[in-house]
Amino acid sequence: LEGWLSGGIARVILTTGGTGIAKRDNTVPVIESLLEITLPGFGELFRQLSYPQVGAAALLSRAVGGLALGRACLLFALPGSLNAVQTAWQGIFKDELAHLVFETVR
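Residues numbered from 1 in each chain as written. Predicted model: local features only at pLDDT ≥ 70, side-chain atom pairs only at ≥ 80, totals over all residues. Heavy atoms only, no water.

1. A look at helix 4 (residues 82-105)
At step 1: Here helix 4 spans only 30 Å end to end across 24 residues, well under the 34 Å set by a 1.5 Å rise per residue.
At step 2: Phe93 marks the point of greatest bend in helix 4, at about 55°.
At step 3: Every buried residue belonging to helix 4 is among Ala84, Thr87, Ala88, Ile92, Phe93, Leu97, Leu100 and Thr104, and all of these are buried.
At step 4: Of the surrounding elements, those touching the buried residues of helix 4 are strand 1 (12-16), helix 3 (40-54), strand 3 (64-68) and strand 4 (74-78). (Helix = DSSP H or I, 4+ residues; strand = E, 2+ residues; numbered from the N terminus. Expected span 1.5 Å × (residues − 1). Bend = angle between axes of the 7 residues up to and from the residue. Buried < 20%, exposed > 50% of the residue type's maximum accessible area, 1.4 Å probe, protein only. Contact = heavy atoms within 4.5 Å.)

Put into structure tokens, the structure is as follows:
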């Protein structure tokens, strides 16, 4: 991640997996350490969209996102299931990603 961020090429990085609460789930602290500005609404909205599909298990997700250090790249951590990634794409990224990128480069 640091290599991609320091290269300045990527405007968006989506990671999958490691956002649960098991001992092996360490993606969130790594992503959070690389964020300059967090977008709390991302995780909140993701869990809201997930609730109809997985019920109260949505609270186990620690999906997180924001602007990486230097504010040149959006960085998101999604759960690792295909269903979770599809939920994030359909409910958030499909319609909002271009706007998010625009706001980081204007």
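Still more ground to cover, so stick around.
2. Focus: the sheet that holds strand 2 (residues 35-38)
As a general point, the strands of a sheet are linked pairwise by backbone hydrogen bonds and lie either parallel or antiparallel.
At step 1: The strand order across the open sheet formed by four strands is 1-4-3-2, and the pairing between neighbours is mixed. At either end of the open sheet lies a strand with only one pairing partner, and these are strand 1 and strand 2. Across the sheet, the axes of successive neighbouring strands diverge by a mean angle of 30°, strand direction being ignored.
At step 2: Note that strand 2 and strand 3 share three bridges and pair antiparallel. If you follow Leu35 over to strand 3, its bridge partner there is Ala68. (Pairing = 2+ DSSP bridges. Axes fitted to C-alpha atoms, helices over the stretch in contact; angles between N-to-C directions.)

3. Points about the nonpolar core
A general trend in soluble globular proteins is that nonpolar side chains are found buried together.
At step 1: Counting 13 residues, the largest nonpolar core has Phe42, Phe46, Phe76 and Phe93 as its most contacted members.
At step 2: At six residues, helix 4 tops the list of elements feeding residues into this core.
At step 3: For Phe42, the residues in contact, after removing those within four places along its chain, are Ala63, Val64, Gly65, Phe76, Ala77, Leu78, Ile92 and Phe93.
At step 4: The next biggest cluster of nonpolar side chains, apart from the first, holds ten residues, and it includes Val28, Leu34, Cys73 and Ala77. (Core = buried A, V, L, I, M, F, W, Y, C linked by side-chain atoms within 4.5 Å.)

4. Notes on helix 3
At step 1: With 15 residues, helix 3 extends 21 Å between its outermost C-alpha atoms, agreeing within 8% with the 21 Å of an ideal straight helix rising 1.5 Å per residue.
At step 2: Buried within helix 3 we find Phe42, Gly43, Phe46 and Ser50.
At step 3: Within two residues after helix 3, Gly55 carries a phi angle of roughly 70°, on the positive side.

Don't take any of this as a statement about function, it's just geometry.
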